[in-house]
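Below are the chains, spelled out letter by letter.
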Amino acid sequence: HRKGEALSIVLQVLAPHSDRVRVEDRPWSESYAYGFRQDEPVELALAAYNFGKERVKGQIELEHLPGGWQLSLGARRLELDVMGRTVLPLTFSVGGNTTGEPARDGWVVVRGDFGLAGRPALAFRMLAK
């Protein structure tokens, strides 16, 4: 959604501050990723906020995940009151039945579908420590 208007539904990943890894891919830019060890699951959470004027119902779906990664969403359906906030548990892990070496760096993309209230997206980067 990039048509110049802000959505009333906002998604945010919640992760321990200690898991943040500074990334400097380009000399003129810096950002942060969430670090992980390939042999340990990472407990995260997804917060959904409703800044709109009406209660909304919707669902959260995983849109993109690099090969060899797994992200389990607790509840996928949610309701948000006006000015409300809901937190859903997420578990991130690497491994399982994959072909080839799992990715060590990449982006996770999660998207909400809230009908007329919009389809907010959340993208966050995970990086092996």
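The paragraphs below set out a description of the structure included in this document. Just so you know, these numbers come straight off a predicted model, no measurement behind them. (Residues numbered from 1 in each chain as written. Predicted model: local features only at pLDDT ≥ 70, side-chain atom pairs only at ≥ 80, totals over all residues. Heavy atoms only, no water.)

Thoughts on the pattern of salt bridges
We apply this condition: Here, a salt bridge means any side-chain nitrogen of Lys or Arg that lies within 4 Å of a carboxyl oxygen of Asp or Glu. When a residue's accessible area, from a 1.4 Å probe over protein chains only, is under 20% of the maximum for its type it is buried; when over 50% it is exposed; and in between it is partly exposed.
Scanning all chains against the criterion turns up eight salt bridges. For R119, the salt bridge identified is with D113, shortest N-O distance 3.7 Å. Using a relative accessible area of 42% as the deciding quantity, one classes R119 as partly exposed. A single network of salt bridges, built from pairs that share partners, joins R37, D39 and E40.

Looking at the nonpolar core
The criterion, for reference: By convention a nonpolar core is built from buried Ala, Val, Leu, Ile, Met, Phe, Trp, Tyr and Cys residues, the set being connected through side-chain atoms within 4.5 Å. Whether two residues touch is decided by their heavy atoms; if any such pair falls within 4.5 Å, the residues are in contact.
If you look at the biggest cluster of nonpolar residues, it comprises 28 residues, and the most contacted ones within it are F36, L46, I60, F92, F114, F124 and M126. In this structure L46 touches L11, Q12, I60, T86, V87, L88, L90, V110 and L122, once residues within four positions along its chain are discounted.

Concerning the pairing of strand β5 (residues 56-64)
The condition that has to hold: Strands qualify as paired when DSSP identifies two bridges or more between them. For the purposes of this entry, the term helix denotes a DSSP run of H or I that reaches at least four residues, the term strand denotes a run of E that reaches at least two, and both are numbered from the N terminus.
Pairing of β5 with strand β7 (residues 77-80), which is carried by four bridges, proceeds in the antiparallel orientation. Its bridge partner being in β7, K57 is matched across the sheet by E79. In terms of strand pairing, β5 meets strand β9 (residues 105-113) through five bridges, oriented antiparallel. Its bridge partner lying in β9, H64 is registered against V109.

Some details on the packing of aromatic side chains
Formally: In summary, the pairing rule links any two rings of Phe, Tyr or Trp, Trp by its six-membered ring, whose centres are within 6.5 Å, and it sorts them by plane angle into stacked for under 30 degrees, edge-to-face for over 60 and tilted for everything else.
According to the stated counting rule, one finds five aromatic pairs in the structure shown. Taking the centre distance of 6.3 Å and the plane angle of 75° together, the rings of Y34 and F124 count as edge-to-face. In this pair, Y34 is assigned in strand β3 (residues 29-36) and F124 in strand β10 (residues 121-128), connecting sequence segments 90 residues apart. Each member of the pair, Y34 as well as F124, is classed as buried. Taken together, F36, W69 and F92 form an aromatic cluster joined through their ring pairs.

Overview of the environment of I9
Mapping I9 onto the fold places it in strand β1 (residues 9-14). Judged by its relative accessible area of 2%, I9 is buried. The spatial distance from the C-alpha of I9 to the C-alpha of G112 is 8.6 Å, given a sequence separation of 103 residues. Dropping the residues within four chain positions of it, I9 is found in contact with Y49, N50, V56, L80, F114, A117 and P120.

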